[in-house]
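Architecture at a glance
Here is what each chain is made of, one letter per residue.
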Amino acid sequence: MRKPIIAGNWKMYKTRDEALQFIYTVNQAVPSIDEVETVICAPAVLLRCLVKRQGDHLKIGAQNMHFEEKGAYTGEVSPFLLKDTGVQYVIIGHSERREMFNETDESVNKKVHAAFKYDLTPIVCVGEKLQERENGTTNVIVDAQTVKALSGLTKEQVKKVVVAYEPIWAIGTGRTATAEIANETCGYIRSVIERVYGKEVADEVRVQYGGSVKPNNIKELMAQEHIDGALIGGASLEAEAFITMTNFNK
Ligand code: 13P
């Protein structure tokens, strides 16, 4: 059985006061970590403050990192520094980083390896553009992104990866993939992992769906065979909505 993982991606939102208010409200209201893994991925400057106040059932993650441990990389944050804040997860290769900050499959792969070196769980994002969905190349795109992102990992490492399938056309648009489409592509990603790493690994790896997940559609998405979690942008900013979504199975 794969444990569901519900993660919020705050992107570049929330002040420290807002983040504190959120965490005090949400800490007590999320499900037990024995049932569901709940993660908030916050801007780097908020991470330490959130880690210090996280309850037993809410975990904190970063939204990006460099792959080097240290060096002359002005403005970057290393996996070593992230580990030092106490975070346990890191989003890697979000489409916004691929599109706006020149993230490539190669840098994603380096970052995934760096995450394991520092014992951070990578949430690796893959997903197609609208045009790719429309011209029928979705599977080709997510296949290549998944294979390249995970290249060189051991089977045991791949089991621990969280893959987030986020169709770019569904992000921040209010246009969610139907549960059926989301499940189909998440299932395809699992089949790619099976092809490369075998069935045992594919059965364990968790695949999230992301893109306009809201309190009113999460239940249906989470009921799908190949969807093990959600990566939630906009709707994760509001404490009550986030609590409702983490309790999707109640
Ligand atoms: P929205 O939930 O706002 O569509 O964002 C999805 C996302 O990009 C999460 O990483």
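A quick note: this is a predicted structure, and the numbers were derived from the prediction, not measured. (Residues numbered from 1 in each chain as written. Predicted model: local features only at pLDDT ≥ 70, side-chain atom pairs only at ≥ 80, totals over all residues. Heavy atoms only, no water.)

Section: the site of the ligand
Near the ligand there are 13 residues, and of these Lys 11, His 94, Gly 172, Ser 212 and Gly 234 occur at the shortest range. Take Gly 172: an N or O atom from its main chain is 2.6 Å from an oxygen atom of the ligand. Between Gly 233 and the ligand, the recorded distance is 2.9 Å, taken from a backbone N or O atom to an oxygen atom. Here the ligand has 310 Å² of accessible area as a free molecule, and 96% of this is covered by the chains. (Near = heavy atom within 4 Å. Polar contact = N/O pair within 3.5 Å; in protein donor to acceptor, adjacent residues only side chain to side chain. Areas by Shrake-Rupley, 256 points an atom, 1.4 Å probe, with all protein chains shown as cover.)

Some remarks on the packing of helix H7 (residues 138–150) against helix H9 (residues 179–197)
Their axes nearest at 10 Å, the elements H7 and H9 cross at an angle of 45 degrees. The pairing of H7 with H9 is recorded here as oblique in orientation. As for how H7 packs across H9, the hand of that crossing is right-handed. On the side of H7, the interface is formed by Thr 138, Asn 139, Val 142, Asp 143, Thr 146, Val 147 and Leu 150, while H9 contributes Thr 185, Tyr 188, Ile 189, Val 192, Ile 193, Arg 195, Val 196 and Tyr 197. Here the contact of H7 with H9 is built from residues that sort into nine nonpolar, four polar and two charged. (Axes fitted to C-alpha atoms, helices over the stretch in contact; angles between N-to-C directions. Helix = DSSP H or I, 4+ residues; strand = E, 2+ residues; numbered from the N terminus. Parallel < 35°, antiparallel > 145°, perpendicular 65-115°, else oblique. Left-handed = near helix turned anticlockwise from the far one by under 90°. Contact = heavy atoms within 4.5 Å. Nonpolar A, V, L, I, M, F, W, Y, C, P; charged D, E, K, R; others polar.)

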